[in-house]
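Chain by chain, the residues:
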Amino acid sequence: VQLQASGGGSVQAGGSLRLSCAASGLTFSVYGMGWFRQAPGKEREFVAAINWTGSSTYYADSVKGRFTISRDNARNTVYLQMNSLKPEDTAVYYCAASIGYYFTEERYNYWGQGTLVTVSS
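Residues numbered from 1 in each chain as written. Predicted model: local features only at pLDDT ≥ 70, side-chain atom pairs only at ≥ 80, totals over all residues. Heavy atoms only, no water.

Colleague: Could you give an account of the overall build of the protein, naming the residues involved and the relevant values?
Modeller: Secondary structure summary: the protein contains zero helices and eleven strands in total. Each principal axis of the C-alpha distribution contributes one length, and for the protein these read about 40 × 25 × 25 Å. Classification of the 121 residues of the protein by burial places 45% in the buried group. Put simply, the protein shows about 6,000 Å² of open surface, and 45% of that area lies on carbon and sulfur atoms. Here the protein holds 10 positive side-chain charges and 8 negative ones, and the gap between their average locations is 6 Å. (Helix = DSSP H or I, 4+ residues; strand = E, 2+ residues; numbered from the N terminus. Buried < 20%, exposed > 50% of the residue type's maximum accessible area, 1.4 Å probe, protein only. Areas by Shrake-Rupley, 256 points an atom, 1.4 Å probe, with all protein chains shown as cover. Lys, Arg positive; Asp, Glu negative; His and termini not counted. Charge placed at Lys NZ, Arg CZ, Asp CG, Glu CD.)

What follows is the structure, encoded as structure tokens:
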């Protein structure tokens with residue numbers, strides 16, 4: 001199983017980025033997908049999750065209304081659209097796959113390598 005995250009970069013506060021995570025080696029359409037992030041010196045935290053059909057999503061309070069998770073099962077890809085970015089969004093962002101629909105990292109079976117997002121003020 002491989003989860004390949006991409007789309008990170010540097011952006012000014014208020015800007016936008018879209019992260020992508022391409023999955024291979026698994027039946028993507030039966031997995032719930034999540035995004036997590038780890039800021040420098042902090043523990044990894046939950047950002048957003050989407051169920052296997054894309055009909056249900058859930059967000060951390062810190063990103064609600066600014067970030068949108070979506071998926072394209074035909075392309076085996078999950079996305080994270082990030083708008084109105086803030087310096088505190090600076091982190092390495094990880095995608096993960098779970099049999100189920102969960103919001104805590106211990107329930108996720110597979111992890112991508114991470115992509116760095118840097119937001120400057």
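What follows picks up the thread again.
Colleague: Give me the lowdown on unusual backbone geometry, citing residues and values where you can.
Modeller: Backbone phi values are negative for most residues with the exception of glycine, while trans is the configuration of most peptide bonds. Of note in the backbone geometry, Asn-76 takes a positive phi value of approximately 55° without being a glycine. Looking at the element boundaries, Asn-76 is found in the loop between strand S7 (67–72) and strand S8 (77–82). Taking the relative accessible area as the measure of exposure, Asn-76 reaches 26% and is therefore partly exposed.

Colleague: Residues and numbers for the packing of aromatic side chains, please.
Modeller: Under the counting rule described, the total for this entry stands at nine aromatic pairs. Between the aromatic rings of Tyr-108 and Trp-111, the centroid separation amounts to 6.1 Å while the plane-to-plane angle is 55°, which identifies the pairing as tilted. Residue Tyr-108 is classed as buried on the basis of its relative accessible area of 7%. Assessed through its relative accessible area of 28%, Trp-111 is described here as partly exposed. In textbook terms, an aromatic cluster arises when at least three aromatic residues are bridged by ring pairs, as seen for Phe-36, Phe-46, Tyr-58, Tyr-101, Phe-103, Tyr-108 and Trp-111. Across the ring face of Tyr-94, the terminal group of Arg-44 is positioned such that the distance to the ring centre comes to 5.0 Å. Just above the ring of Tyr-102 sits the side chain of Arg-107; from NZ or CZ to the centre is 4.1 Å. (Phe/Tyr/Trp six-rings, centres within 6.5 Å; stacked < 30°, edge-to-face > 60°. Lys NZ or Arg CZ within 6 Å of the ring centre and 35° of its normal.)

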